[in-house]
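Topology and contacts: notes
Residues per chain are reported as follows:
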Amino acid sequence: MTNESFFADYLAASVRLAVPLAFAALGGLYSERSGVLNIGLEGMLLAGAFASAAATFYSNNVWLGVLAAILAGGMVGLLHALLSVSWRVDQLVSGLAINLVAAGLTSFLARLIFSGGAQKLPGIEAIAIPGLVNIPIIGSLLFAQNILVYLLIFLVVFTNYLLFYTHPGLTLRAVGEYPRAADTAGVSVLLVRYFSVILSGCLAGLGGAYLSLVQVKFFAEGMSAGKGFIAIAALIFGKWHPIGTTLACLLFGATEALQLRIQALGVNIPYQFLVMLPYAIALLALVGLAGKSSPPSALGLPYLKEKSE
């Protein structure tokens, strides 16, 4: 393998490993920009991965699997919104509970559906864009991807435009920064937060579908493997900005791809140290390696509408 092909393969692997992180982090961005802390991204990823695998297994149709992942993620998001927005349960506790329930429930159901073993699933194939795919390095990296990657690129651009250049985006950010002022201006804080958290679950569910139907093409217990928490780290690392957050996910994807290649080269380093490399980078991001990150002012704070006299 030439240096150029090795580098191109490394970049492609970095993108593949970053995609589920980016879907989850983008979902977390909507939720946290509205003021709802979403530690439950891990559970939403896992729910999406399981739902897509189960639906594809029974229907042999990957697009029904993708739809099932969106619905499952959205339902988990609805549960998180119900607990944290309506019932004002501590948002951290709600997210952690969702992670634990998702881990246990998907493991139990997977043993029932897949008979205790991994069942090979049909996958989502790449779509090469004629002409552009022949560009050295960049062609195979950007123009020979599956539809979920193209969708992710669109969503990142769309989210950036929505948040910073439209009135609905201003409303969403206002709810996360000054919910009392937004309420006074006639904005339904509850409705905006419900929509944002449910959308967060749907996007994380898409990340789960990518895990099941693109990366490995089967479902395995606990296959999210902490990616939801790394997505949260990417969100902080990217300062709650869609482009910065996506770049942070690419960094973590590149780190994971690097440790896999170091293992494959047989370097005399205990593999446990290599496996923990992406998590170590995420930890450094959380303690502020990239500089001070300022979250939305009302993040994690429940909102109680004042009663009119």
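Figured I'd write up the structure that's included with this text. Note that the coordinates shown come from a computational prediction; the quantities given were computed from them, not determined experimentally.

**Regarding the pattern of salt bridges**
All told, the structure shown has two salt bridges when counted by the stated rule. Between E221 and R111 there is a salt bridge, with its nearest N and O atoms 2.7 Å apart. With E221 in the loop between α9 (189–215) and α10 (227–237) and R111 in helix α4 (residues 91–113), this pair connects stretches of sequence that are 110 residues apart. Of the charged contacts, one joins K217 and E125 as a salt bridge, the two residues approaching to 3.7 Å between their closest N and O atoms. Taken together, the residues K217 in the loop between α9 and α10 and E125 in the loop between α4 and β1 (127–128) connect sequence positions 92 residues apart. Classification of K217 as partly exposed rests on a relative accessible area of 21%.

**Examining the environment of S107**
Mapped onto the elements, S107 comes out in helix α4. By relative accessible area, which is 15% here, S107 ends up buried. Considered as a pair, S107 and F50 are 57 residues apart in the sequence and their alpha carbons are 9.0 Å apart. Separated by 2.8 Å, the side chain of S107 and the backbone oxygen of A103 make a polar contact.

**Section: the side chain of N146**
Mapped onto the elements, N146 comes out in the loop between β2 (144–145) and α6 (147–165). A relative accessible area of 4% means that N146 is categorised as buried.

**Topic: the nonpolar core**
The tendency in soluble globular proteins is for nonpolar side chains to be buried as a group. Membership of the largest hydrophobic core comes to 66 residues, with the highest contact counts inside it found for L26 and F219. With residues near it in sequence (within four places) discarded, L26 still touches L152, L155, V156, T159, L203 and P242.

**Observations concerning the packing of α6 against helix α7 (residues 167–177)**
Look at α6 against α7: their axes get within 5 Å of each other, and the N-to-C directions meet at 75°. In terms of orientation, α6 lies roughly perpendicular with respect to α7. Contacts between α6 and α7 involve L162, L163 and F164 from the first element and P168, G169, L170, L172 and R173 from the second. Class assignment for the residues of the contact of α6 with α7 results in six nonpolar, one polar and one charged.

**Quick word on the side chain of N160**
Structurally, N160 is set in helix α6. Given the relative accessible area of 15%, N160 is considered buried.

**Section: the environment of L247**
Structurally, L247 can be placed in helix α11 (residues 242–264). A relative accessible area of 53% places L247 in the exposed class. Between the C-alpha atoms of L247 and F237, which are ten residues apart in sequence, the distance is 9.2 Å.

**Here's the deal with a nonpolar patch on the surface**
The grouping of L132, I135, I138, L142, I153 and V157 at the surface amounts to a nonpolar patch, some 470 Å² of accessible area in total. With respect to the helices and strands, the residue L132 is situated in the loop between β1 and α5 (138–142). Take L132: its relative accessible area is 36%, and that puts it in the partly exposed class.

**Considerations on unusual backbone geometry**
One non-glycine residue, K217, lies in positive phi territory at about 60°. Within the chain, A225 stands out as a residue other than glycine whose phi angle is a positive 50°. Residue position: A225 is located in the loop between α9 and α10.

**Brief notes about α10**
The buried fraction of α10 is high, at nine of eleven residues. K227, G228, I230, A231, I232, A233, A234, L235 and I236 are the residues of α10 that are buried.

**Overview of α4**
For α4, spanning 23 residues, the distance from its first C-alpha to its last is 32 Å, which sits close to the expected 33 Å at 1.5 Å a residue. For α4, the set of buried residues is Q91, S94, G95, I98, N99, A102, T106, S107, A110 and I113. Of the surrounding elements, those touching the buried residues of α4 are α2 (41–59), α3 (62–86) and α10. Two or three places before L92, at the start of α4, stands the capping residue D90, its side-chain oxygen 3.0 Å from that residue's backbone nitrogen. S115 lies just past α4 and shows a positive phi near 55°.

Cut-offs and rules
Residues numbered from 1 in each chain as written. Predicted model: local features only at pLDDT ≥ 70, side-chain atom pairs only at ≥ 80, totals over all residues. Heavy atoms only, no water. Salt bridge = Lys/Arg side-chain N within 4 Å of Asp/Glu carboxyl O. Helix = DSSP H or I, 4+ residues; strand = E, 2+ residues; numbered from the N terminus. Buried < 20%, exposed > 50% of the residue type's maximum accessible area, 1.4 Å probe, protein only. Polar contact = N/O pair within 3.5 Å; in protein donor to acceptor, adjacent residues only side chain to side chain. Core = buried A, V, L, I, M, F, W, Y, C linked by side-chain atoms within 4.5 Å. Contact = heavy atoms within 4.5 Å. Axes fitted to C-alpha atoms, helices over the stretch in contact; angles between N-to-C directions. Parallel < 35°, antiparallel > 145°, perpendicular 65-115°, else oblique. Nonpolar A, V, L, I, M, F, W, Y, C, P; charged D, E, K, R; others polar. Patch = residues over 30% accessible without salt bridge, like charges linked within 9 Å, V, L, I, M, F, W, Y side chains within 5 Å. Areas by Shrake-Rupley, 256 points an atom, 1.4 Å probe, with all protein chains shown as cover. Expected span 1.5 Å × (residues − 1).

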